[in-house]
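Analysis of the macromolecular model
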Amino acid sequence: MRFVWVLAGMVLLITGTTALLGAAGLGLLTSHADPGGGFTARVETVRTPGHAVVVTDLDALLRQEVPFSRFGQARLRLDARTPDGPAFVGLAPADEARRWLAGAPHAVVQRTALARGPLPVRLEHRTPEVGTPPTVPAAPAAQTFWVRAGAGALEWSPGELAGQRLSLVLMHPDGRADLALDLRAELRAGWVAPATWGSLTGGILLVVLAALVLLRPVRPREVVFVVEPDQVPVLAGRLGVSSLSGLGTPPSPRPTPERQLVSVAAAPRAAIAPVPRPETLADLPAPHHPLRPPAPPS
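Quick look at the structure, then. (Residues numbered from 1 in each chain as written. Predicted model: local features only at pLDDT ≥ 70, side-chain atom pairs only at ≥ 80, totals over all residues. Heavy atoms only, no water.)

When helices and strands are tallied, the chain shows five helices and eleven strands. Counting only residues that meet the buried cut, the chain has 27% of its 298 residues in that class. Within the chain, counting contacts between residues at least 6 apart in sequence, those at least 24 apart form 82% of the total. In the form shown here, the chain has an accessible surface area of approximately 21,300 Å², with 62% of it arising from carbon and sulfur atoms. (Helix = DSSP H or I, 4+ residues; strand = E, 2+ residues; numbered from the N terminus. Buried < 20%, exposed > 50% of the residue type's maximum accessible area, 1.4 Å probe, protein only. Contact = heavy atoms within 4.5 Å. Areas by Shrake-Rupley, 256 points an atom, 1.4 Å probe, with all protein chains shown as cover.)

So, in structure tokens, the structure goes:
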């Protein structure tokens, strides 16, 4: 049972620590947001001698480079301008956009990455295949296959279009060649702040609960012997007791013998006084001689 409690405490501790690390990461991300809660990034200037700049599969690019933009009700806005004014921005089914631009030189975005400063973009320039008659994709706004289109800006929810193979096309409004784009992207994810506080609160609660589980006091175990009646004398002999019925009961206190005080009269003893020290030889006592018979008369 102790092992189960330790295992549960470790699982709670690992989960709580992970939640706290996630809250720290989201907090670091939130620190880069503007006062309105949006994340704005400028893209480096994109140039191509062709007629358009195309993101072949927009959902795949977002899933690879900015996966958190596809969660919840996040909104993505793209502002695009040319040296002459606003650029045309449109979302179209990938097959329709590919057929429309098959005879026109254009650039395809291979990838972009999150970085400090302007976001880098890698392009691949494409020309019409051999045998394909060159065309000029004029008046892009007049086409009917656009899912969404705008002049100078386009806003959409990546979550609503997730799973759809749509191409993002940027061009001059009249479709002419020699394109230079100044791009700016803005992402507003309303779920970042609630997720940050939720992860922080949940992580703290899980860590506290893990500490309570791991530091709970251990109860002493009680050992119960179940033996056959004929084995009771054998077990009692091995335990060094006369009977097993008295095990577990505290020993009775031994009676303390009573003690009586008896007065003892001591026999009188003569006091021993110090003997004075003689000062002269005359003060010495005469030596004691045994009685001798008187000398006979001569």
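Here the narrative resumes, following the displayed structure.
Our focus in this paragraph is the environment of R111. Mapped onto the elements of the fold, R111 is located in strand β6 (residues 106–112). Among the residues examined, R111 registers a relative accessible area of 34% and is labelled partly exposed. Sequence-wise, R111 and E65 are 46 residues apart; in three dimensions their C-alpha atoms are separated by 8.0 Å. With sequence-adjacent residues up to four places away left out, R111 is seen in contact with L61, E65, P120, V121 and R122.

Moving on to a nonpolar patch on the surface. Together, W197, L200, I204, V208, L209 and L212 make up a nonpolar patch on the protein surface, roughly 590 Å² of accessible area in all. Mapped onto the fold, L209 is located in helix α4 (residues 192–214). The class for L209 is partly exposed, based on a relative accessible area of 41%. (Patch = residues over 30% accessible without salt bridge, like charges linked within 9 Å, V, L, I, M, F, W, Y side chains within 5 Å. Salt bridge = Lys/Arg side-chain N within 4 Å of Asp/Glu carboxyl O.)

Another aspect to go through is the pattern of salt bridges. On inspection of all chains with the given rule, the structure shows eleven salt bridges. With its nearest N and O atoms 3.0 Å apart, the salt bridge here joins D79 to R77. With a closest N to O distance of 3.2 Å, E96 and R99 form a salt bridge. Separated by three residues within a single helix, E96 and R99 lie in helix α3 (residues 94–100), roughly one turn from each other.

Time to look at the nonpolar core. Among the nonpolar cores identified, the biggest contains 30 residues, and L78, W156, L168, L170, L181 and L183 are the most heavily contacted of them. Put simply, the parts of the chain that give this core at least two residues each are β1 (38–48), β2 (52–55), α2 (58–65), β3 (75–82), β5 (88–93), β9 (153–156), β10 (166–171) and β11 (179–188). The greatest single-element share of this core, amounting to five residues, is contributed by β11. Apart from residues no more than four positions distant in its own chain, W156 is found in contact with L58, A74, R75, L76, L78, L91, R148 and L161. (Core = buried A, V, L, I, M, F, W, Y, C linked by side-chain atoms within 4.5 Å.)

So, about the sheet that holds β5. Reading across the sheet, the six strands line up as β7-β6-β2-β10-β5-β8 and stay open at both edges, with mixed pairing between neighbours. The open sheet has two edge strands, β7 (121–126) and β8 (148–151), and neither has a second partner. Within the sheet, the average angular offset between the axes of one strand and its neighbour, ignoring direction, is 25°. In the sheet, β6 pairs with β7 via six bridges, with the strands oriented antiparallel. Within β7, the position partnered with R111 by the bridge is R122. (Pairing = 2+ DSSP bridges. Axes fitted to C-alpha atoms, helices over the stretch in contact; angles between N-to-C directions.)

Burial runs high along β5: five of the six residues are buried. Pairing of β5 with β8, which is carried by four bridges, proceeds in the antiparallel orientation. Across the sheet, the residue bridging to V89 is G150, located in β8. When β5 meets β10, the two strands line up antiparallel, connected through six bridges. The residue of β10 that forms the bridge with P93 is L166.

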